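Here are the chains, one letter per residue:
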Amino acid sequence: MKYLEEYRDARAARHYSRLLRKMVTRPWTIMEVCGGQTHAIVRFGVDELLPPEIMLVHGPGCPVCVTPVELIDKAVEIAARPNVIFCSFGDMLRVPGSNSDLFSVKARGGDVRIVYSPLDALKIARENPSREVVFFAVGFETTAPANAMAVYQAKQLGVKNFSILVSHVLVPPAMEAILSSPTNRVNGFLAAGHVCTVMGYHEYEPISRKYRVPIVVTGFEPVDILQGLVMCVRQLEEGRAEVENQYTRAVKREGNTSAQKLIQEVFQVVARKWRGIGEIPSSGLGLREPYREFDAEERFGVASQCVEESPECISGLILQGVKKPHECPAFASRCTPEHPLGATMVSSEGACAAYYRYRRPQATSPARSDEA
Ligand code: SF4
């Protein structure tokens, strides 16, 4: 297949759906790690094509959703300072902190700008030498190379008024945290294709062996996801646990080694807190010593802030595959995209937003196979 339409072809989707029905003999719970895959599943009704034995649960792979509330608070505090131009991807603006969000700072006159790349923020810094320019560097391994490049270039060019607020997280430690939890119910994973485009998939091999789980690197279109599920369920039914690659058109086992070198040059692995989940050891990236001058937390003296999460939002359980969005008592009542209580209702990759956008609440009540 070469073209987008082929990955959305209804006949191909029905073919994989039939294959799944033929091969499945018992219940399996499979987690798609990436929020982009969650949206494709809900938007195209992929889960409705599955036999009742297969339950999909949604994973922690939405960067906006897992950014901890204290980092939103730090962003709000920095962005409100008079000499700061605060640059961010648009999704982050409405994510609620403990008292405010970046959008409110902007509404009150703060210079908060939406950019599409950290290099745009660096350009703004060079054009405004008398202002401090901060970029909110959120994301998984996918966005790390561009953020590393912005910092690397800032150092090379001697740009002194640029810094990044780092909230980088890594996928493999989160998968291990889910698998080692006593509440785990995941039998197999669809791994996020774009993360593996950068990092490859060799990092998943020890996880697959240690926890005896199949992990299938999978793309983002409906036919990709169904093909990934066929590969995953086939392994489960045959008693195998290996890493396989459905997304061969973009992913190699070793990944993009040039991008990995750049990440390693600028960042080091650190413990990171995940919103709703808590701290996971070695699950994030922080700036290495030669680049610490670009760390916004240190530059603005906000490094030690720490706040508690709201107890009402159960997004942590949703991001670990323990609950689904419609099982949250606040879903579509006290929590909507206009008045979100949690990041999973705000982000374009958030599971709660996907259920709200593509399924009415009554259509998502415990139905069909979801509670198998
Ligand atoms: S529906 Fe709202 S309150 Fe409930 S888990 Fe999702 S974001 Fe949190």
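Attention in this report is confined to the structure presented alongside it. (Residues numbered from 1 in each chain as written. Predicted model: local features only at pLDDT ≥ 70, side-chain atom pairs only at ≥ 80, totals over all residues. Heavy atoms only, no water.)

## A short note on helix H12 (residues 257-266)
Those residues of H12 that sit buried are Ala 259, Gln 260, Leu 262, Ile 263 and Val 266. Viewed along the axis of H12, the buried residues span an arc of 160°, placing them on a single side of the element. More than 90 degrees from the buried face of H12, the exposed residues found are Ser 258 and Lys 261. Buried positions along H12 lie against helix H7 (144-157), helix H9 (193-199), strand E10 (267-274) and strand E11 (278-287). One side-chain oxygen of the residue at the start of H12 lies 3.2 Å from the amide nitrogen of Ser 258, identifying that residue as Asn 256. (Buried < 20%, exposed > 50% of the residue type's maximum accessible area, 1.4 Å probe, protein only. Helix = DSSP H or I, 4+ residues; strand = E, 2+ residues; numbered from the N terminus. Arc of directions from axis to C-beta. Contact = heavy atoms within 4.5 Å. Polar contact = N/O pair within 3.5 Å; in protein donor to acceptor, adjacent residues only side chain to side chain.)

## Describing the side chain of His 168
Along the chain, His 168 turns up in strand E6 (residues 162-169). In terms of polar contacts, His 168 uses its side chain to reach the backbone carbonyl oxygen of Gly 139, at 2.9 Å. Within the structure, the side chain of His 168 is placed 2.8 Å from the side chain of Asn 147, a separation counted as a polar contact. With near-sequence residues (within four places) excluded, His 168 lies in contact with Ala 137, Val 138, Gly 139, Phe 140, Thr 143, Ala 144, Asn 147, Phe 267, Arg 272, Ser 283, Gly 284 and Leu 285.

## Here's the deal with unusual backbone geometry
One non-glycine residue, Arg 212, lies in positive phi territory at about 55°. With respect to the helices, strands and loops of the structure, Arg 212 is situated in the loop between helix H10 (204-211) and strand E8 (215-218).

## Concerning the environment of Gly 35
Inspection of the secondary structure puts Gly 35 in helix H2 (residues 35-44). Separated by 79 residues in the primary sequence, Gly 35 and Ile 114 place their C-alpha atoms 21 Å from one another. Apart from the residues lying within four places of it in its own chain, the contact partners of Gly 35 are Gly 61, Cys 62 and Glu 349.

## Regarding the sheet that holds E6
As summarised here, the arrangement of the 6 strands in space is E4-E3-E5-E6-E11-E10, forming an open sheet in which the pairing is mixed. Each edge of the open sheet carries a strand with a single partner, namely strand E4 (111-114) and E10. With strand direction ignored, the average angle separating the axes of adjacent strands in the sheet is 25°. Bridging between strand E5 (residues 132-139) and E6 involves 7 bridges; their strand directions are parallel. Note on E6: the bridge partner recorded for Phe 135 is Ile 164. Contacting E6, E10 and E11, helix H8 (residues 171-179) crosses the sheet at an angle of about 175° to E11. The strands touched by H12 are E10 and E11; relative to E10, the strand with the most contacts, the crossing angle is about 80°. (Pairing = 2+ DSSP bridges. Axes fitted to C-alpha atoms, helices over the stretch in contact; angles between N-to-C directions.)

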